[in-house]
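# Breakdown of the fold
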Amino acid sequence: MNSAANEFRKDFKIFSAPENKDLVYLDSAATTQRPDCVIEAVSDFYRTSNANPLRGLYSLSIKATDLYENSRKTVADFINAPDSSCLIFTRNTTESLNLVAYSYGMNSVNEGDEIVVSCMEHHSNILPWQMVCRAKKAKLVWLESSDDGVISKEEYEGKINSRTKIVAIAQVSNVFGITNPVSDIAAFAHRVGDNGKGAVVVVDGAQSSPHMKIDVQQLGADFFAMSGHKLCAPMGIGALYGRKDLLDAMPPFLSGGEMIEYVTRESATYAELPHKFEAGTVNAGDAVGFARAVKYLDEVGLENIERNDNNLAKIIMDGFSNIPHVHVIGNSDSAKHCGIVTFTIDGVHPHDIASILDTEHVAIRAGHHCAQPLMQKLGVGSTARASAYFYNTQDEAVRFVEKVSKIRGWMGFKD
Ligand code: PMP
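Residues numbered from 1 in each chain as written. Predicted model: local features only at pLDDT ≥ 70, side-chain atom pairs only at ≥ 80, totals over all residues. Heavy atoms only, no water.

In the nomenclature of an unreviewed UniProt entry, the chain corresponds to cysteine desulfurase from the organism Treponema peruense. Of the chain, the UniProt comment under Cofactor (unreviewed entry) reads exactly: "pyridoxal 5'-phosphate". (UniProt positions renumbered as here; feature names shortened; annotations may be inferred.)

Written out as structure tokens, the structure reads:
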């Protein structure tokens, strides 16, 4: 894919809307734009197939159920889950991680056990484990990275041990953009954790699943969490993959309708997987949109997406290297950024960077990126972050760099 003549951009009507014509959207790590085919798939569901799935005995409900379950199969295949019953639809990565913490963590972690997280985790992969540790008198252990975002073998081999019950780690950091060595960490954790029984490895795939081919089996993920909206699907739909034996043994997270087999006044038996974890009316319309989105990404080609992300990150980072006072956070190799370039400008608050760029029709993120422990480690309160995706063009990357180069001048700095 040549991003100079980006053939996929036309699939995203938002970019040709009159009010967005000169918009440079570089905030895809926060949420991606949606192609027409996804918007159509969702509206088609409501136009032609809507009924409460999994309940009705009439044709329309059966059709809605089939569409919902086929969507599950498509998303499960996208990450090479061995069985689609191990793919639970959730609202997002945050809910997926909470499901694991409440349902697995609270029932398997005991006093004196350890849960290992990394210094670059999103709050969604920190707070649930803090909660488990507090409730169970367990210890939260932190994997540190070097300033360029690398977690070394010595670091994880030194911190994961027989007391480790759970390792919870992002495959790709939403700040550094770096890909962590998750399969090596998982192999080690499975060998030495939980007194030789193997620690359970929970992978936050929010930033990796949009950018690279995921194979949960090859990765060694016992759980893998993802958000639809980060990969061109609607907001409000996400997924959790879990190892079947673990999911089977776990109690439900939420309870109520749909997740039961039989209920009496005193008790209930639960439905089989995956429905045990999908209480209440499901989000079938967005599940259909999720499935259409992952098919679309397969059409675009994940290897093309990865190449394009790297290309755009290189243009941005090469450009930044020529601008005094601009500092990129993390690795100097643009191929290790998944299209994410987090940066600061001397003397300019990141919120000012984002606001000034907004007046130039450039959308980037500024703040702590829900990774305050990492900001504390880096000694910054906040940073600016540009994040590119395959619908961005080389021209946009060049224009973005040009505008960043002018910010200090616009603010009255003389150099
Ligand atoms: N983990 C990471 C690495 C993320 O980047 C994000 C979103 N910024 C999340 C978790 C949370 O995703 P969501 O808000 O969709 O639950």
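Still to come is the rest of the account.
On to the site of the ligand, then. Taken together, the residues surrounding the ligand are Asn92, Thr93, Thr94, His122, Ser124, Asn174, Asp204, Ala206, Gln207, Ser227, His229 and Lys230. Contact distances for the ligand include 3.3 Å between a nitrogen atom and a side-chain N or O atom of His122. Protein chains bury 88% of the 400 Å² of accessible surface belonging to the ligand in isolation. Its residues assigned to classes, the shell around the ligand shows 1 nonpolar, 9 polar and 2 charged. (Near = heavy atom within 4 Å. Polar contact = N/O pair within 3.5 Å; in protein donor to acceptor, adjacent residues only side chain to side chain. Areas by Shrake-Rupley, 256 points an atom, 1.4 Å probe, with all protein chains shown as cover. Nonpolar A, V, L, I, M, F, W, Y, C, P; charged D, E, K, R; others polar.)

With that settled, consider the environment of Gly228. Turning to its location among the elements, Gly228 is positioned in the loop between strand E7 (223–227) and strand E8 (238–242). Not counting residues up to four positions away in its chain, the partners in contact with Gly228 are Ala233, Pro234, Ile237, Gly238 and Phe290. (Helix = DSSP H or I, 4+ residues; strand = E, 2+ residues; numbered from the N terminus. Contact = heavy atoms within 4.5 Å.)

This brings us to the packing of helix H2 (residues 59–78) against helix H9 (residues 284–300). With their axes 8 Å apart at the nearest point, H2 and H9 run at an angle of 35 degrees to one another. As H2 packs across H9, the resulting crossing turns out to be left-handed. Of H9, the residues touching H2 (which contributes Leu67, Tyr68, Ser71, Thr74, Val75 and Phe78) are Ala284, Ala287, Val288, Phe290, Ala291, Val294, Lys295, Leu297 and Asp298. (Axes fitted to C-alpha atoms, helices over the stretch in contact; angles between N-to-C directions. Left-handed = near helix turned anticlockwise from the far one by under 90°.)

Another aspect to go through is the UniProt feature "domain: Aminotransferase class V" (unreviewed entry) in the chain. In the numbering adopted here, UniProt assigns the feature "domain: Aminotransferase class V" (unreviewed entry) to residues 24–398. Along residues 24–398 the backbone is 39% helical and 17% strand, and the end-to-end C-alpha distance reaches 11 Å.

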